[in-house]
Amino acid sequence: MSRYWSALAHGLEPYTPGEQPRIEGLVKLNTNESPFGPSPRALAAIRAAADDALRLYPDPQAGALREALGAYHGVTADEVFVGNGSDEVLAHAFAGLLKHEAPLLFPDVTYSFYPVWAQLFDVAWAAVPLDEAMGVRLADYRRPAGAIILANPNAPTGVALSRAEIASLLAEHPDIPVVIDEAYVDFGGETAIPLVAEHPNLLVVRTMSKSRGLAGLRVGYAIGDKALIEGLTRVKDSFNSYPLGRPAQAGALASVEDEAFFRETCAAVIAGRERMRAGLETLGFAVLPSAANFVFARHPAHDGAALAAALRERAVLVRRFNAPRIADFLRITVGTDAQTDRLLAALAEILGPAN
Ligand code: PMP
């Protein structure tokens, strides 16, 4: 608290990111990073971009990257927006697209940054409870709304809606902006990008932080009708002309061009997730069906906070949210098989012989 703060700064309740501690031998399964890292071609492009040209500002519109992303997803460059991580893209969407008189709707259990941006930009919002199976029930969104945002697959549950379900949501809400946050879609979800052509109110948000192993580079993007992209660009150009530096633009572009590495690493994460799920179920955990690079699991006989703390003592870091309905769940990022084995061994020790 300081008397130098604005009323805005006083009123904020900021998002808390997962920890990035430096602990020797840590098994870090708390922030949904990729255990495989970026494409070697992306790393080479980032290194090559670290030269004298860093004297110069980067392309403010990231033209080459937007062209490449457009070609990759079958849209034009003016249907692509890029930003400093999808967090920045989403923030611009809150300011530029999602703020209306009627409330913005999103699930009660979802990415906990959404209410934070709503507060920052003074967006009216209402939480729509997930159903008993922790899924999104589309019928519950049939109510007055200024806009809708859904993470699909949802976070932190990992539960996904099909593209057909997103299409029916769009059919029911043709007149309001609908943002689908596909941060985790590459691990088994169905993307809504093909629906953009038919739905000028749909914005699909993507990130390179998870499936492309580039969380440290900070690159996110969105695909949507060019009028939506123009709205985001107006906000961006009122905030920061150069959200992506030269190494970020070059590395992201090279990552998009390395399809083989992308496919191999996504497939390895999916296989690792099923291995982790099976191991957790053997230990008595109930694991939600996940289409993401993490699982959301709880043990019927154990308190979530105690489990997370006991894991931390054993240098295994997972994420827990101290929030209604999910306080006993652990969100566990899929790591390498060796990391999963460390997790399962630690849990077996904590739970004891009888589980
Ligand atoms: N959306 C969801 C649902 C997420 O979980 C995250 C990761 N915290 C993000 C967006 C933001 O990712 P980034 O800013 O790294 O692109």
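Small disclaimer: the values here were computed from a predicted structure and weren't measured.

Participant: Is there a simple way to think about the site of the ligand in this case?
Facilitator: The local shell around the ligand holds 13 residues, among which Ser86, Asp181, Tyr184, Thr207 and Ser209 are the closest. At 2.7 Å from a nitrogen atom of the ligand is found a side-chain nitrogen or oxygen belonging to aspartate 181. A distance of 2.5 Å separates an oxygen atom of the ligand from a polar atom in the side chain of threonine 207. For the ligand, the protein covers 92% of the area, taking 400 Å² as the surface of the free molecule.

Participant: Got a minute to help me understand the environment of arginine 275 in this structure?
Facilitator: Tracing the chain through its elements places arginine 275 in helix 9 (residues 259-282). Taking C-alpha positions, arginine 275 is 23 Å from serine 162, a pair spaced 113 residues apart along the chain. In contact with arginine 275, other than residues within four places in its own chain, are Asp337, Thr340 and Asp341. A distance of 3.4 Å separates a polar side-chain atom of arginine 275 from the backbone oxygen of aspartate 337.

Participant: Quick question: what am I supposed to make of the side chain of lysine 236 here?
Facilitator: Residue placement: lysine 236 occurs in helix 7 (residues 226-236). There is a polar contact of 3.0 Å between the side chain of lysine 236 and the backbone oxygen of serine 241. In this view, lysine 236 contacts Pro60, Gln61, Phe81, His92, Ser241 and Pro243; residues no more than four positions away in its chain are not counted.

Participant: Explain the domain arrangement of the chain here, please?
Facilitator: Interface extent is often summarised as the accessible area lost during association of the parts. Taken domain by domain, the chain holds domain 1 (7-37 + 260-351) and domain 2 (40-258). Relative to domain 2, the C-alpha centre of domain 1 lies at a distance of 24 Å. At the interface, 32 residues of domain 1 touch 34 residues of domain 2. With both chains or domains summed, domain 1 and domain 2 bury close to 2,600 Å², and 63% of this area falls on carbon and sulfur atoms. The largest share of the area that domain 1 buries against domain 2 comes from Tyr15, Phe262 and Arg325, three residues that together contribute 28% of it.

Participant: What is the right way to look at the pairing of strand 6 (residues 178-181) in this model?
Facilitator: Note on strand geometry: in a regular strand, side chains alternate between the two faces of the sheet. Where burial is concerned, the two faces of strand 6 agree: the one with Val178 and Ile180 and the one with Val179 and Asp181 are both buried. Pairing of strand 5 (residues 147-151) with strand 6, which is carried by four bridges, proceeds in the parallel orientation. Across the sheet, leucine 150 pairs through a bridge with isoleucine 180, a residue of strand 6. The handedness of the strand 5 to strand 6 crossover, carried by helix 6 (residues 163-172), is right-handed. The pairing of strand 6 with strand 7 (residues 202-207) spans four bridges and is parallel. Bridged to valine 178 within strand 7 is leucine 202.

Participant: Is there a simple way to explain the pattern of salt bridges in this structure?
Facilitator: Pairing between side chains becomes possible if they bear opposite charge and their charged atoms approach one another. Overall, the coordinates contain 17 salt bridges when judged by the stated rule. We note a salt bridge from arginine 312 to glutamate 19, for which the minimum N-O separation is 2.5 Å. Separated by 293 residues along the polypeptide, arginine 312 in helix 10 (residues 304-313) and glutamate 19 in the loop between helix 1 (7-11) and strand 1 (27-28) bring together distant segments of the chain. Residue classification places glutamate 19 among the partly exposed positions, given a relative accessible area of 37%. Here aspartate 108 ties to arginine 325 by a salt bridge, and the two come within 2.8 Å at their closest N and O atoms. Of this pair, aspartate 108 sits in the loop between strand 3 (104-107) and helix 5 (114-120) while arginine 325 sits in the loop between strand 11 (316-317) and strand 12 (330-333); the two residues are 217 residues apart in sequence, bridging distant segments of the chain.

Analysis parameters
Residues numbered from 1 in each chain as written. Predicted model: local features only at pLDDT ≥ 70, side-chain atom pairs only at ≥ 80, totals over all residues. Heavy atoms only, no water. Near = heavy atom within 4 Å. Polar contact = N/O pair within 3.5 Å; in protein donor to acceptor, adjacent residues only side chain to side chain. Areas by Shrake-Rupley, 256 points an atom, 1.4 Å probe, with all protein chains shown as cover. Helix = DSSP H or I, 4+ residues; strand = E, 2+ residues; numbered from the N terminus. Contact = heavy atoms within 4.5 Å. Domains from an automatic or database assignment. Buried area = accessible area lost by both parts, 1.4 Å probe. Buried < 20%, exposed > 50% of the residue type's maximum accessible area, 1.4 Å probe, protein only. Pairing = 2+ DSSP bridges. Right-handed = clockwise from strand over helix to strand, strands pointing away. Salt bridge = Lys/Arg side-chain N within 4 Å of Asp/Glu carboxyl O.

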